[in-house]
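A closer look at the structure
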Amino acid sequence: MSAAKDVLIVGAGLSGCLLAVYLARRGHRVRVYERRGDPRVAGYVGGRSINLALSARGLWGMAGVGLDRVVMERDAIAMPGRMLHDREGRTSFQPYSSRAGEAINSVSRGGLNLTLLEAAAAERGVEFLFNHWCLDVDLAGPAAWFNAPDQKNVRVEADVILGADGAFSPVRGRLQKVDRFDYSQTYLRHGYKELVIPALAGGAFAMERSALHIWPRGGTMMIALPNRDGSFTCTLFWPFEGAHSFAALPSGPGVRAFFEREYPDAAGLMPTLEEDYERNPVGSLVTVRCWPWQHEGKVAVLGDAAHAIVPFYGQGMNCAFEDVRVLAGLLDEHRGDFGAALPAFQEARKANADAIAEMALENFVEMRDLSGRAEWQYGKRIEQLLHRTVGDAVTPRYNLVSFSTVPYASAQRRGREMERVVAAVAERVPVPAVYDGAWERAVLEAARPLLGGITPVGGGA
Ligand SMILES: Cc1cc2nc3c(=O)[nH]c(=O)nc-3n(C[C@H](O)[C@H](O)[C@H](O)COP(=O)(O)OP(=O)(O)OC[C@H]3O[C@@H](n4cnc5c(N)ncnc54)[C@H](O)[C@@H]3O)c2cc1C
């Protein structure tokens, strides 16, 4: 093992704090610089979603330092399926998996960040410096410039600088100035706004708690995730402009009438709808792709700083946590040598980050539009039946992404193959009057000759 290094992490968000734990346990000195105040003192100031869907990859990322169980016990609510709400207020539940126990989990962003921060702060050799705004990075040093709480600029030197500083990363901003650095950022025409369905008297949930709720409306949607206090955080995903957009519905009395028409069962559960709609900002949704992720084994980016993605697969944080554990594993493999581990890290992760970025964009269409359609729901039934009866060889894409650590790129490839099989079976076996044994036999018979074309997926992340 090469000597302990002096590592500077920019960003005490989700991945920065987890990374600090991993590096400290490998004997490195770790300083984490964060532009915001200390959430242990000032409370958590997020600016992003209030809660998040945590699934297998995020749990795997935290399990390497034993934090998965802590987070699950402290904060999680299992969501084993989606609850679809139609325009008449009728609901239908679709399990995510045919396997008992496979669920994604709603966790609070503030609670999770605090758990990770406290875990990092408890490690020997970790120091947090809050209210330090990273301004620039000197790649040659390496060193970073920060605006400190006294408004003076300070230069901080280190052996290695790791940018866990989010979608608008200043560390990546410096890398962008290096010759032949590829960079693209693409915004969706849709933005998001958060609203709330409060708990009922006594803290009861106003809707089914064990589900991710979706109101698919074609080009737009609303979703809701449960919180441990009995409330739900709802998120509108609407276009900024045009029909059914944020611009088309300014605050005011029209808001409730619109919700009563579009989301009738939710509107009645939202007593502060008008105030929330007026007060809460509209956030934008960006996909960032860049390359390379590291410079000369001394400066690197990870998490959203390397690959910000849209939230429709619930994978941004999960992917970031997977990054952290993969990087730690490569450091072990290369005996603590960042000069070897950082290039290996970007090679291992780039194709997978690109794959989940693409799948997340595709899943927006699935959630807001297809999930409300009868033919899509029929396809899901076929997919789940095949998975239940044929087994792992035909695990659906959603399950590979959310309930396994099979590389995202393999999950994407498998997903395309499965899509073709399901479409062919749906064409041959019409929707039955009842889903009985005869229907199951017909589906299996139609699928059998097609399954040979499914490629086995590779191992874990
Ligand atoms: C609406 C929405 C819903 C989402 N839902 C999900 C979900 O369900 N599941 C999921 O897995 N992911 C989800 N995500 C994605 C997830 O939020 C991100 O992928 C995740 O936060 C990335 O973690 P990170 O540590 O890379 O960046 P961040 O969590 O953004 O942390 C970056 C940190 O760097 C700090 N920082 C930034 N600039 C500076 C600077 N100049 N100087 C010092 N510090 C700085 C920030 O203050 C912050 O603390 C969602 C995102 C959005 C927008």
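Above this text sits the structure in question.
Residues numbered from 1 in each chain as written. Predicted model: local features only at pLDDT ≥ 70, side-chain atom pairs only at ≥ 80, totals over all residues. Heavy atoms only, no water.

Another point: the pattern of salt bridges. Counted under the stated rule, the structure contains 26 salt bridges. A salt bridge links D6 to R31, with the nearest nitrogen and oxygen atoms 3.1 Å apart. With a gap of 25 residues between them, D6 in strand β1 (residues 6-10) and R31 in strand β2 (residues 29-33) connect regions that are remote in the sequence. When sorted by exposure, D6 lands in the same class as R31, which is buried. Residue D332 pairs with R26 through a salt bridge whose shortest N-O separation is 2.7 Å. Taken together, the residues span a long stretch of sequence, with D332 in helix α11 (residues 316-333) and R26 in the loop between α1 (14-25) and β2 at a distance of 306 residues. With relative accessibility at 26%, the residue R26 sits in the partly exposed group. Each of D6, R29, R31 and E127 takes part in salt bridges that share partners, so that together they form one network. (Salt bridge = Lys/Arg side-chain N within 4 Å of Asp/Glu carboxyl O. Helix = DSSP H or I, 4+ residues; strand = E, 2+ residues; numbered from the N terminus. Buried < 20%, exposed > 50% of the residue type's maximum accessible area, 1.4 Å probe, protein only.)

A cis amide bond links G141 with the next residue in sequence, P142, at an omega value of -10°. Here P142 lies in the loop between β9 (133-138) and β10 (143-147). Of note, the bond from W291 into P292 is cis; its omega dihedral lies within 30 degrees of zero at 0°. Considering the arrangement of structural elements, one finds P292 in the loop between β17 (283-291) and β18 (294-295).

Let's shift gears to the sheet that holds strand β7 (residues 104-108). Strand order in the open sheet formed by 3 strands is β3-β7-β4, with antiparallel pairing between adjacent strands. Looking along the sheet, the strands with just one partner apiece sit at the ends: β3 (51-54) and β4 (77-79). Taken over all neighbouring pairs, the strand axes of this sheet differ in orientation by 35° on average, direction set aside. In terms of strand pairing, β4 meets β7 through 3 bridges, oriented antiparallel. (Pairing = 2+ DSSP bridges. Axes fitted to C-alpha atoms, helices over the stretch in contact; angles between N-to-C directions.)

This brings us to the pairing of strand β11 (residues 153-157). Here β10 runs beside β11; their pairing, made up of 5 bridges, is antiparallel. Along β11, the bridge assignment pairs W145 with R155. From the end of β10 to the start of β11, which pair antiparallel, there are 5 residues, and Q151 there has a positive phi angle of about 75°.

In this section: the site of the ligand. Around the ligand, 31 residues are found, and the nearest of them are S15, E34, A53, R109 and D304. Between an oxygen atom of the ligand and a side-chain N or O atom of R35, the distance comes to 3.1 Å. Those elements giving two or more residues to the shell around the ligand turn out to be α1, β3, β9 and α11. It is α11 that provides the largest number of residues to the shell around the ligand, a total of 3 residues. (Near = heavy atom within 4 Å. Polar contact = N/O pair within 3.5 Å; in protein donor to acceptor, adjacent residues only side chain to side chain.)

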